[in-house]
Every structure is written in C-alpha cells, then in structure tokens.
Amino acid sequence: MAVTQFLDGVPCTVKEAFDFSFLRQWGRVFRAFDQQDSGNLCFGLEKDGRRYFLKFAGARPICFDGEPGEAVRLLKKSAQVYRDLAHPILLPMLWDGPAAGGYALLFPWTDALCMGKQYPTRNDFLAMPLKQKLSVFQAALDFHRYVAEKGYVSVDFYDGCVLYETETGRPLLCDVDAYHQAPFCNPIGRMWGSTRFMAPEEYCKGAPIDEATMVYTWSLCFRIVFTSGKGSRFLALASGSLGVRKKSGLPSKGRPLLNFMFVFRCLGASPKLGTLYNKMNNYLELLLFKRGMGCASKGSLAPPE
C-alpha cells in the first residue's frame with residue numbers, strides 16, 4: 001500500500017513509511033523525485049543558501065519492484081563510477097556514504113535545462129539555437145571519448161542525462177550510475193534503460209557492450225537534438241548531401257549510425273568545428289566497420305567541399 005509522506009511540506013510517495021529525518025543534515029527539502037524505477041529516491045535540498053541534489057537507496061520507492069538491498073548495492077557501485085569518470089562536463093559527486101541504513105550520493109543542484117522526455121524543460125532544450133546544441137554535442141562526445149579512454153562503456157545513457165545551463169552556457173551530463181568497466185557483456189538480456197536509446201545487443205544476453213554500442217546510443221539521442229526545433233534544417237541538408245534515404249535498403253540498426261554521420265557532416269562544414277570533426281572522423285569510421293556497415297571509400301566521411 002502506498003504511503004505519502006510530507007518532507008518540509010513536499011510530498012514523497014513510497015511503498016512503506018520511512019524515516020527521512022536524516023535529510024535534515026543537508027537542509028530543507030524543496031523537491032522530491034519519487035517515480036524512478038531504479039530503486040533510488042532523489043531530493044532537492046537547501047542549506048545556508050546552497051542547494052544540493054541527493055540520491056538515496058534504502059527505502060521502497062513506489063515504482064521499484066526490487067529489494068532495497070539490491071538498490072543500495074548498485075548505488076554504492078555507482079559511487080566508484082563517479083570517482084573514476086570525474087570530468088568537467090560531469091555533474092560532480094560531492095560526497096557518498098551510508099545513510100539511514102542505506103546509501104546516498106550528494107551532488108550540487110543545477111537549474112539547467114534537461115533534454116529528458118519526462119521533464120518540463122525538454123521543449124526549451126530542443127528549442128535552443130544551433131550554436132548551443134552543437135556545444136552540448138561536442139561536450140558529450142568529448143566526455144564519452146574520455147569514458148572509453150578510462151576503460152568504461154556507457155550503459156543506460158538517454159536524453160535525461162543531458163543538461164544545459166542557460167546562465168553559464170555550460171553543457172552538463174549526469175546520471176552515469178550504470179556505466180561499466182570494459183570488457184563488458186550483456187548479463188541479463190533486456191538491459192536497463194529507455195528502449196528509445198538501446199542498441200540491438202542490449203537485448204541479447206552475452207552480447208558485447210562496447211564503443212560501437214556507445215556510438216549507436218549517441219546517434220539516437222543526438223538525432224533528436226538536431227532534428228527538433230532550431231537547427232533541424234541544418235541536419236536535413238547534411239543528410240541529403242550524403243545521398244542517404246529511408247529506402248536505402250540498409251538494415252534498421254545501421255540507420256542511427258548514418259544519423260550520427262549526418263551530424264559529423266554538419267560539423268565538418270564549419271571551419272570552427274573542423275577540429276572536432278577531424279578528431280572523431282577515423283574513430284567513427286572504425287566503429288562503422290565494426291558494425292559491419294563499411295564505407296564506400298576512405299574519404300566517404302570527408303566534409304563537403
């Protein structure tokens with residue numbers, strides 16, 4: 001039976017009543033996120049003029065069917081991921097540790113726009129000018145190159161991970177809890193995450209999850225960025241210049257990679273962004289071959305004349 005508790009006047013619904021008094025050490029609750037299916041509850045907290053975002057495992061969230069102990073185990077594991085992947089683009093973890101018989105991670109609060117479908121700022125994010133979208137795209141690519149260099153692969157990357165601070169002009173990423181050290185193979189079959197951003201191997205138990213999987217996921221996410229709101233015509237023109245159409249006969253799993261190629265075509269058309277294009281060109285081409293896509297020629301990803 002669901003129980004709604006009020007924390008400083010903010011409702012939080014759980015399956016069983018829980019003592020949330022431990023939250024007071026970080027101040028007043030001004031926001032509660034109680035609909036996640038990860039096993040975590042999240043809170044916005046304010047103390048001495050500073051705001052924080054706290055992720056907690058140990059209670060029984062209304063949308064979680066597992067046991068609190070499993071959620072605690074996974075959250076403890078994710079703390080090491082945040083330490084290993086610390087990066088200027090990643091929302092920093094300020095503290096982690098035991099709390100109220102469970103475990104908690106503490107982050108700074110941000111009022112950034114979130115691209116996530118379930119958040120009210122999504123439309124504002126997608127309506128951003130092309131320049132801002134490109135900055136988000138570049139930041140995400142730089143971070144995921146870093147992820148690969150650190151020996152990790154992205155897991156459960158989706159649009160809710162992508163943020164943009166309008167006041168500072170800073171792109172941010174968050175929620176890398178499920179990222180995993182490589183080599184890594186699908187342990188369960190249908191993996192965690194939104195089906196909108198999952199590669200075929202994320203449904204196949206035992207399949208390798210690698211950098212090619214990461215590119216596939218990025219392509220699905222950033223196709224949305226560049227085909228919604230301002231800048232959508234920019235991508236449409238680029239895709240047309242490659243001469244690729246829906247009736248190309250390519251397998252469905254290949255099309256998202258071509259969407260990714262379209263974006264690189266766009267980046268290569270801009271001298272200011274040419275460095276990013278050149279930096280990623282060979283890397284992307286290798287991953288296309290790994291996917292069995294191949295390229296017509298060595299210069300097939302070259303920017304337009």
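Residues numbered from 1 in each chain as written. Predicted model: local features only at pLDDT ≥ 70, side-chain atom pairs only at ≥ 80, totals over all residues. Heavy atoms only, no water.

### Some points on the overall build of the chain
Next up, step 1: The helix and strand tally for the chain stands at 7 helices and 14 strands.
Next up, step 2: By residue count, 51% of the 305 residues in the chain fall in the buried class.
Next up, step 3: Long-range contacts, defined here as pairs at least 24 residues apart, represent 56% of the contacts in the chain between residues at least 6 apart.
Next up, step 4: For the chain, the accessible surface area stands at approximately 14600 Å², while carbon and sulfur atoms represent 53% of it. (Helix = DSSP H or I, 4+ residues; strand = E, 2+ residues; numbered from the N terminus. Buried < 20%, exposed > 50% of the residue type's maximum accessible area, 1.4 Å probe, protein only. Contact = heavy atoms within 4.5 Å. Areas by Shrake-Rupley, 256 points an atom, 1.4 Å probe, with all protein chains shown as cover.)

### What about the pattern of salt bridges?
Next up, step 1: Applying the stated criterion to the full structure yields 12 salt bridges.
Next up, step 2: With its nearest N and O atoms 2.8 Å apart, the salt bridge here joins D96 to R83. Residue D96 is found in strand β6 (residues 95-99), and its partner R83 is found in helix α1 (residues 68-84); the two are separated by 13 residues along the sequence.
Next up, step 3: By relative accessible area, which is 40% here, R83 ends up partly exposed.
Next up, step 4: In this structure, R196 and D159 form a salt bridge, with 3.0 Å as the shortest nitrogen-oxygen distance. Here D159 lies in the loop between β9 (152-153) and β10 (162-165) and R196 lies in the loop between β13 (184-185) and β14 (208-209), a separation of 37 residues in the sequence.
Next up, step 5: Since its relative accessible area comes to 31%, R196 is described here as partly exposed. (Salt bridge = Lys/Arg side-chain N within 4 Å of Asp/Glu carboxyl O.)

### A look at the packing of aromatic side chains
Next up, step 1: In the structure shown here, the tally under the stated rule is 12 aromatic pairs.
Next up, step 2: Measuring from ring centre to ring centre gives 6.4 Å for F53 and F107, while their planes differ by 55°; the resulting arrangement is tilted. Remark: F107 occurs in strand β7 (residues 102-108) and F53 occurs in strand β5 (residues 50-57); sequence separation between them is 54 residues.
Next up, step 3: Relative accessible area serves as the criterion here: at 3%, F107 is assigned to the buried category. (Phe/Tyr/Trp six-rings, centres within 6.5 Å; stacked < 30°, edge-to-face > 60°.)

### Points about the environment of W218
Next up, step 1: Residue position: W218 is located in helix α4 (residues 211-226).
Next up, step 2: The class of W218 is buried, set by a relative accessible area of 1%.
Next up, step 3: Sequence separation of W218 and A140 is 78 residues, and the distance between their C-alpha atoms is 8.7 Å.

### Quick word on the environment of L85
Next up, step 1: Within the secondary structure layout, L85 lies in the loop between α1 and β6.
Next up, step 2: Judged by its relative accessible area of 0%, L85 is buried.
Next up, step 3: A C-alpha to C-alpha distance of 8.8 Å links L85 and F143, two positions 58 residues apart in sequence.
Next up, step 4: Aside from chain neighbours lying at most four places away, what touches L85 is L90, F143, Y146, V147, K150, Y152 and Y179.

### Quick notes on the pairing of β6
Next up, step 1: The sheet contact formed by β6 and β7 spans 5 bridges and is antiparallel. Paired with W95 across the bridge in β7 is L106.
Next up, step 2: Linking two consecutive strands that pair antiparallel, namely β6 and β7, is a turn of 2 residues; a positive phi of about 50° is found at A100 within it. (Pairing = 2+ DSSP bridges.)

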